[in-house]
Structures are given as C-alpha cells and as structure tokens.
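Residue strings, one per chain:
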Amino acid sequence: MNDVFKALSDPTRREVLRLLKSGPRSAGDLADAFPVSRPTMSAHFNVLRGAGLVSTEKAGKSVIYHLNVSVLEEALLGFAGAFGLGTGVPPVSPPE
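Below: a short report on this structure. Keep in mind it's a predicted model, so treat the numbers as computed, not measured.

Turning our eyes to something else, we now look at the packing of aromatic side chains. Going through the model one piece at a time under the given rule, you end up with one aromatic pair. On the numbers, 4.6 Å between centres and 35° between planes, the contact of Phe45 with Tyr65 is tilted. Here Tyr65 lies in strand β3 (residues 62-67) and Phe45 lies in helix α4 (residues 38-50), a separation of 20 residues in the sequence. By the burial criterion, Phe45 is buried, and Tyr65 matches it.

Quick look at the structure:
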C-alpha cells in the first residue's frame, strides 16, 4: 500500500493513470503528453510499475501500458479499512 500512495503522490503519475483510464497507450504516446524528458517519464513509469498500478506488454518496438485498477482499489479499500471508514467497525487503536 505504501508504494501505491508514493506513486499517487506525484501529479505527473496521477495524470498518467488518468490517461490510461481511457485504455492502453504506448510509452511514447504517454511521454508526448508531458513537457519533460523521456528519461524523467521512464522514471515515473518505473514507480507506477513498481507499485503495480500499471502493467506492460511489448508490441514490436513499443511498450504498451495498461492501468491496473484492482491494485488501486485494494489500496484505497485498505486505507479506508485502516481508519474504519465504510465498515461500520471502529479502527483498532494501537497499544499504549
């Protein structure tokens, strides 16, 4: 869950996920949507992949990115559950 929230902390990575919401896109297509260098975008893609928020497939010389919505859902549900949100059960307090 920490990796997911680290990935979501950056606005560029959130925008990549928003773009992937409409369907798979190539790394080049995604990179062209941002005013930063390709190596910078590659670093963002690595963080998203490491968090499991995106998956990749090779298509010839291109890398195609896919959004993994289930990972995002699991992280958000885990976060909500840690605070007792939406469960009707109060969160567990840490021992004193």
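To continue, consider the nonpolar core. In terms of nonpolar packing, the biggest core is built from 19 residues, with Val16, Leu30, Phe45, Leu48, Leu53 and Tyr65 touching the most fellow members. Those elements that provide at least two residues to this core are α1 (2-8), α2 (11-20), α3 (27-32) and α4. Residue contributions to this core peak at four residues, all from α2. Setting aside anything within four residues of it in sequence, one finds Phe45 in contact with Val16, Ala27, Leu30, Ala31, Val54 and Tyr65.

Our focus in this paragraph is the pattern of salt bridges. As enumerated under the stated definition, the model contains three salt bridges in all. Where Glu15 meets Arg18, a salt bridge forms, and the shortest distance between an N and an O atom there is 2.5 Å. Of this pair, Glu15 and Arg18 are both found in helix α2, three residues apart, which corresponds to roughly one turn of the helix. Its relative accessible area of 47% is what places Arg18 among the partly exposed residues. As a salt-bridge pair, Asp29 and Arg25 come within 2.9 Å of each other at their nearest N and O atoms.

Quick look at α2 now. Those residues of α2 that sit buried are Thr12, Arg13, Val16, Leu17, Leu19 and Leu20. Down the axis of α2, the buried side of the element spans an arc of 160°, and every buried residue falls inside it. As for α2, its buried residues are in contact with α1, β1 (25-26), α3, α4, β2 (54-59) and β3. N-cap assignment for α2: the residue whose side-chain oxygen lies 2.8 Å from the backbone N of Thr12 is Asp10.

A separate point is a nonpolar patch on the surface. On the surface, a nonpolar cluster with roughly 420 Å² of combined accessible area is contributed by Met1, Phe79, Phe83 and Leu85. Note on placement: Phe83 falls in the segment after α5 (69-82).

The pairing of β1 with β3 spans two bridges and is classified as antiparallel. Paired with Ser26 across the two strands is Ile64, which belongs to β3. Inspection of the sheet shows β2 paired to β3 by six bridges, in the antiparallel sense. Within β3, the residue paired with Lys58 across the bridge is Val63.

How each quantity is defined
- Residues numbered from 1 in each chain as written.
- Predicted model: local features only at pLDDT ≥ 70, side-chain atom pairs only at ≥ 80, totals over all residues.
- Heavy atoms only, no water.
- Phe/Tyr/Trp six-rings, centres within 6.5 Å; stacked < 30°, edge-to-face > 60°.
- Helix = DSSP H or I, 4+ residues; strand = E, 2+ residues; numbered from the N terminus.
- Buried < 20%, exposed > 50% of the residue type's maximum accessible area, 1.4 Å probe, protein only.
- Core = buried A, V, L, I, M, F, W, Y, C linked by side-chain atoms within 4.5 Å.
- Contact = heavy atoms within 4.5 Å.
- Salt bridge = Lys/Arg side-chain N within 4 Å of Asp/Glu carboxyl O.
- Arc of directions from axis to C-beta.
- Polar contact = N/O pair within 3.5 Å; in protein donor to acceptor, adjacent residues only side chain to side chain.
- Patch = residues over 30% accessible without salt bridge, like charges linked within 9 Å, V, L, I, M, F, W, Y side chains within 5 Å.
- Areas by Shrake-Rupley, 256 points an atom, 1.4 Å probe, with all protein chains shown as cover.
- Pairing = 2+ DSSP bridges.

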